[in-house]
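# Survey of secondary and tertiary structure
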There are 2 protein chains.
Amino acid sequence: MSKRRISIQDIARRAGVAHTTVSRALRDNPSISPKVREEIKQLAQEMGYVPNGIAQSLQNQRTNTIGVVVTSIADPFFAEVVEGIEKIAQAAGLSVLLSASHQDVEREIAAINNFHRRRVDGIIVADSHISKQHLQQIAEIAVPTVLLNSQTEELAQFQFVSIDNLLGAQLAVEHLIQLKHTAIGYIGVSNRTRSNQQRLEGYRTALIAANLPQNSDWVAISKAEYTTTSDVDTGLQMLSGLINAGVTSIFCYNDMVAIGALLACQKLSISVPQELSLVGFDDIALARYVTPSLTTVRQPMLEMGCCAAQMLLDLLQEKSVENRVLSPFLVAGGSSRQI
Amino acid sequence: MSKRRISIQDIARRAGVAHTTVSRALRDNPSISPKVREEIKQLAQEMGYVPNGIAQSLQNQRTNTIGVVVTSIADPFFAEVVEGIEKIAQAAGLSVLLSASHQDVEREIAAINNFHRRRVDGIIVADSHISKQHLQQIAEIAVPTVLLNSQTEELAQFQFVSIDNLLGAQLAVEHLIQLKHTAIGYIGVSNRTRSNQQRLEGYRTALIAANLPQNSDWVAISKAEYTTTSDVDTGLQMLSGLINAGVTSIFCYNDMVAIGALLACQKLSISVPQELSLVGFDDIALARYVTPSLTTVRQPMLEMGCCAAQMLLDLLQEKSVENRVLSPFLVAGGSSRQI
DNA sequence: CTGAAAGCGCTTACAG
DNA sequence: CTGAAAGCGCTTACAG
């Protein structure tokens, strides 16, 4: 906080009143006479008074702050989510403390505990990897919490907003089926257990519903650790295996994986969509700018952030809150075509 | 802060000591006997005590928090910058309050004032648009502040880290000159006054140094307002004008503009780099994934964030701090080739 | 080695 | 309409 700042005490001395009167005047308490009130406000202005929010927080038992944990800030998905959260929070007069977990449970917990110490009013955790044992620990902090696309089974104690991964995967695969593809592959990532599992399940469900064959060689799940480029690498590395197994189209866990696959195709001179159709997931900005643009399943990232923030606001006002499972939809791009 | 949490008072009562003893024990004050200290720590643990950071902040006159203002969180450039800032801050035990200004001076100022109220220990402002009159006002808050790629002339009172735009532009244009281009255009954006001006100047300097012609029809500066897609739109819209004016290559204000230009080329069936060479600026992840990949001038975004955060840390420890002007460098991609 | 006191800067019943 | 008191939860000289 650097050098000493002026306080209501300082103003009180100059005005010849009690500091408590200053406090009331500044907060427009009607019991203070208009004359005194104006004088004090004037004085406060002149003296460059800025209320100490920390002292107010201590007294009011409210910090007007929410804590947000994401896997990575630079990840385009989370960047958009945070943008949405901040927008709603700012409009409601709340500030956002932001922390990155880098998919490390320990760091995720550390961030949450840090928020707890700082007495944030609420917490949003995106892509949470907290395991059951830890959940116990976290539950004790009793701060309103909203999970966004949680990677763990939501225990009843937390609110959540998430995307319908099963539906999304089905939309993707059904799209390929409509385009007459019968040899459809899936490239996934194991480090996002739950959503990967759900998308894989949606993939299988769609194939079964269409009476199409499944082949274990058509499914590749990367075991790579999460980094900024790991998903692209996954696409790059897994592509040839599926091609060799004879697929004519691939549903990818997300757009970054799809872009990796696309890059691999360029290297191998496989033309997309002529020789191979590709479908991604997320609809990050990138998806529109690669060539060909990606067919993908859109998650409304900004809206999901807004929604999580709004749920948290409602929780803070003790309104009743309903969990939300948002429906994704298909965005047709240039990376898929009829066989 | 929701329900009442346990305090050192609660622990003190249970332990039969003064709360001040609890405070000391918990902070490993050597004057407390080992026995008592352990008992208290044990008790605190059992009771699930979590120190109230707000109260500590008030007492210590230090919040261990820094405030960060960026134009937009979802912008890939700032997302990386914030990632770097958060990384350094987290390692130093500081938390990050994040706010988006959307290039609105009023919101930028509001964010800074909000940080002031909250008594952050330091502030980082990226892409600041504060005008001189406002600077006055901001200067009064007397919080250690670091500007990152400021769009206003730095007054001596603030520390800063920035990129050498002049050099970057020269590198870009010299690259095109080396490739035998003689009709070289520039597409810029007016809403980032200073960096646009500097890049334009670097462009001109390079042309003059090489004795190449300049043509006012070869330079297009968009007046669009800043949005998530405005830079891409700029590239999209400005391209044809320059093509008609006969350029064989274009240096773009940044990668998003270059990608817009690239998309326009695709629409107009102009092949890049065969018929037109394109050079961007920034080297955002996107640049590597479009086709062809972009030749661009790399700003080390992550490092710039880290650097700004480190400078702020040094300021907080009252170390002497030197402003930094980082040098960008050319990254050759597939979007440029010899004429 | 431990406690009582003062104080960080505010807010809000409670008196007058 | 205004002030003195108490308190939010902590820390740290100052006594003992």
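Residues numbered from 1 in each chain as written. Chains lettered and ligands numbered in written order. Predicted model: local features only at pLDDT ≥ 70, side-chain atom pairs only at ≥ 80, totals over all residues. Heavy atoms only, no water.

An unreviewed UniProt entry annotates chain A as LacI family transcriptional regulator originating from Aliterella atlantica CENA595.

### Some remarks on the overall build of chain A
Per the secondary structure count, chain A includes 13 helices and 12 strands. Over its C-alpha atoms chain A spans a radius of gyration of 26 Å, topping by over 25% the 20 Å that the globule rule assigns to 339 residues. Once the C-alpha set of chain A is aligned to its principal axes, its extents read approximately 85 × 40 × 35 Å. A burial count over chain A gives 57% of its 339 residues as buried. Sequence separation of 24 or more characterises 70% of the internal contacts of chain A that already satisfy a separation of 6 or more. When the accessible area of chain A is evaluated, it comes to approximately 14300 Å², of which 49% is carbon and sulfur surface. Each charge class in chain A was averaged separately, 29 positive and 32 negative side chains, and the resulting centres sit 9 Å apart. (Helix = DSSP H or I, 4+ residues; strand = E, 2+ residues; numbered from the N terminus. Rg over C-alpha atoms; globule rule 2.2 N^0.38 Å. Buried < 20%, exposed > 50% of the residue type's maximum accessible area, 1.4 Å probe, protein only. Contact = heavy atoms within 4.5 Å. Areas by Shrake-Rupley, 256 points an atom, 1.4 Å probe, with all protein chains shown as cover. Lys, Arg positive; Asp, Glu negative; His and termini not counted. Charge placed at Lys NZ, Arg CZ, Asp CG, Glu CD.)

### Some thoughts on the domain arrangement of chain A
Taken domain by domain, chain A comprises domain 1 (8-51), domain 2 (63-163 + 302-327) and domain 3 (165-299). Using C-alpha coordinates to define each centre, domain 1 of chain A is positioned 64 Å away from domain 3 of chain A. (Domains from an automatic or database assignment.)

### Quick look at the sheet that holds strand β7 (residues 219-222) of chain A
Residue and element names in this part refer to chain A. The six strands are arranged β7-β6-β8-β9-β10-β12 in an open sheet whose pairing can be described as mixed. The open sheet has two edge strands with one neighbour each: β7 and β12 (329-331). When the angles between neighbouring strand axes are averaged without regard to direction, this sheet yields 20°. In the sheet, strand β6 (residues 184-189) pairs with strand β8 (residues 249-252) via four bridges, with the strands oriented parallel. By the bridge assignment for β8, Tyr 186 is matched with Phe 251. The sheet strands contacting helix α9 (residues 193-209) are β6, β7, β8 and β9 (277-282), and the helix crosses β6 at an angle near 170°. (Pairing = 2+ DSSP bridges. Axes fitted to C-alpha atoms, helices over the stretch in contact; angles between N-to-C directions.)

### Topic: the protein's contact with DNA strand C
Around DNA strand C sit 27 residues in total, of which Ser 23 and Tyr 49 of chain A together with Thr 21, Arg 24 and Gln 59 of chain B are the nearest. The protein-proximal atoms of DNA strand C, defined as those within 4 Å of the protein, are 61% sugar or phosphate. In the model, a base oxygen of DNA strand C is placed 3.2 Å from a nitrogen or oxygen of the Thr 20 of chain A side chain. Between DNA strand C and Ala 55 of chain A there is a distance of 3.4 Å, counted from a base nitrogen to a backbone nitrogen or oxygen. At the level of elements, α2 (19-26) and α4 (53-60) of chain A together with α2 (19-26) and α4 (53-60) of chain B are the ones that each hand at least two residues to the surface near DNA strand C. (Near = heavy atom within 4 Å. Polar contact = N/O pair within 3.5 Å; in protein donor to acceptor, adjacent residues only side chain to side chain.)

### With respect to helix α10 (residues 230-244) of chain B
Here α10 of chain B is 15 residues long and its end C-alpha atoms lie 22 Å apart, about the 21 Å a rise of 1.5 Å per residue gives. At Met 238 of chain B, α10 of chain B is deflected by roughly 35°, the largest bend along its length. Considered for burial, the residues of α10 of chain B that qualify are Ser 230, Asp 231, Val 232, Thr 234, Gly 235, Leu 239 and Leu 242 of chain B. The elements touched by buried residues of α10 of chain B are α12 (285-289) of chain A together with β6 (184-189), β7 (219-222), β8 (249-252) and α11 (255-267) of chain B. (Expected span 1.5 Å × (residues − 1). Bend = angle between axes of the 7 residues up to and from the residue.)

### Quick look at unusual backbone geometry
Cis geometry marks the peptide bond from Val 272 of chain B to Pro 273 of chain B, where omega comes out at 10°. Along the chain, Thr 291 of chain B connects to Pro 292 of chain B via a cis peptide bond; the corresponding omega equals -5°. With respect to the helices and strands, the residue Pro 292 of chain B is situated in the loop between α12 (285-289) and β10 (295-298). At Ala 142 of chain A, a position not held by glycine, the phi torsion is positive, near 55°. Locating Ala 142 of chain A in the fold gives a position in the loop between α7 (132-139) and β4 (145-148). A relative accessible area of 29% places Ala 142 of chain A in the partly exposed class. A positive phi angle is found at Ser 269 of chain B, which is not glycine, with a value near 55°. Along the chain, Ser 269 of chain B turns up in the loop between α11 and β9 (277-282).

### Section: the protein's contact with DNA strand D
Around DNA strand D, a shell composed of 27 residues is seen, among which Thr 21, Arg 24 and Gln 59 of chain A together with Ser 23 and Tyr 49 of chain B lie nearest. Of what DNA strand D places within 4 Å of the protein, 61% of the atoms are sugar or phosphate. Within the side chain of Thr 21 of chain A, one N or O atom sits 2.5 Å away from a phosphate oxygen of DNA strand D. Taking Gln 59 of chain B, its side chain carries an N or O atom lying 3.2 Å from a base oxygen of DNA strand D. Where the surface near DNA strand D is concerned, the elements lending two or more residues are α2 and α4 of chain A together with α2 and α4 of chain B. For the surface near DNA strand D, the class distribution of residues is nine nonpolar, 14 polar and four charged. (Nonpolar A, V, L, I, M, F, W, Y, C, P; charged D, E, K, R; others polar.)

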